[in-house]
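An overview of the molecular structure
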Amino acid sequence: MKFDYIIGNPPYQEMTASDSSRLPPIYNNFMDSAYEIATVVELITPARFLFNAGYTPKDWNKKMLNDKHLKVIQYESDSKKIFPDNDIKGGVAVTYRNSQKTLGPIVIFTKYPELNTIIHKISKTPPIP
């Protein structure tokens, strides 16, 4: 089954009975699945992957940062502005992916849109190895 568009806010982590502070992230699996079945995908997720941080696999983070079809349309470092009852370390990002358009790659992300624009204008930044 294929879709033209998917818009969503996937679950961020697996809930367990454990008291562990490190709950496995699962939003990355939802992102990958959405990209497989839709041409255009817009999702709100934790933003840690944009800084190659957090518990998502580092290879996955790099794949996202090097994805030429992906861009960040909104970043909010203070997650409470978006979700008042939750503290999401690293903030949240609204990402847009269109498999039929070249939009990136992001490669290096900063929270300042102007700086992101400058970085991409002055440098042909190589993909993250």
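Residues numbered from 1 in each chain as written. Predicted model: local features only at pLDDT ≥ 70, side-chain atom pairs only at ≥ 80, totals over all residues. Heavy atoms only, no water.

Here we have four strands laid out as an open sheet, ordered β1-β2-β4-β3, and mixed in their pairing. A strand with exactly one partner marks an edge of an open sheet, and here the two such strands are β1 (3-8) and β3 (70-76). Taken pair by pair, the neighbouring strands of this sheet meet at an average axis angle of 15 degrees, ignoring direction. Where β3 and strand β4 (residues 92-98) come together, six bridges link them in antiparallel fashion. Looking at the pairing, Leu-70 lines up with Arg-97 of β4. Packed onto the sheet, helix α1 (residues 27-37) meets β1, β2 (38-46), β3 and β4 and runs at close to 165 degrees relative to β2. (Pairing = 2+ DSSP bridges. Helix = DSSP H or I, 4+ residues; strand = E, 2+ residues; numbered from the N terminus. Axes fitted to C-alpha atoms, helices over the stretch in contact; angles between N-to-C directions. Contact = heavy atoms within 4.5 Å.)

Moving on, we get to helix α2 (residues 58-65). All of the buried residues along α2 are Trp-60, Asn-61, Met-64 and Leu-65. The buried residues of α2 all sit within an arc of 135 degrees when viewed along its axis, so they share a single face. Buried residues in α2 make contact with α1 and β3. (Buried < 20%, exposed > 50% of the residue type's maximum accessible area, 1.4 Å probe, protein only. Arc of directions from axis to C-beta.)

Moving on to the packing of aromatic side chains. Summed over all chains, the structure comprises eight aromatic pairs. Ring plane angle 45 degrees and centroid distance 6.4 Å describe the contact between Tyr-27 and Phe-49, whose orientation is recorded as tilted. Taken together, the positions of Tyr-27 in helix α1 and Phe-49 in the loop between β2 and α2 put the pair 22 residues apart, joining distant regions of the chain. As far as the burial class goes, Tyr-27 and Phe-49 line up, both buried. Plain terms: the ring middles of Phe-51 and Phe-109 are 5.6 Å apart, the flat faces sit at 70 degrees to each other, and that makes the pair edge-to-face. One end of the pair, Phe-51, is in the loop between β2 and α2; the other, Phe-109, is in the loop between β4 and α3 (113-122), and 58 residues separate them in sequence. Of the residues examined, Phe-109 reaches a relative accessible area of 11% and is grouped as buried. Each residue in the set Tyr-12, Tyr-27, Phe-49, Trp-60 and Phe-83 is aromatic and connected to the rest through ring pairs, giving one cluster. A cation over a ring is seen here: Arg-97 above Tyr-35, with NZ or CZ 4.7 Å from the ring centre. (Phe/Tyr/Trp six-rings, centres within 6.5 Å; stacked < 30°, edge-to-face > 60°. Lys NZ or Arg CZ within 6 Å of the ring centre and 35° of its normal.)

So, on to the environment of Lys-62. With respect to the helices, strands and loops of the structure, Lys-62 is situated in helix α2. Each C-alpha atom of the pair Lys-62 and Asn-52 lies 6.9 Å from the other, and the pair is ten residues apart in sequence.

This part takes up unusual backbone geometry. For the peptide bond that leads from Gly-104 to Pro-105, omega is 15 degrees, which places it in the cis range. Within the secondary structure, Pro-105 is located in the loop between β4 and α3. Positive phi values are uncommon outside glycine, yet Asn-52 reaches one of about 55 degrees. In this structure, Asn-52 sits in the loop between β2 and α2. Given the relative accessible area of 25%, Asn-52 is considered partly exposed.

What is shown is where atoms sit, not what they do.
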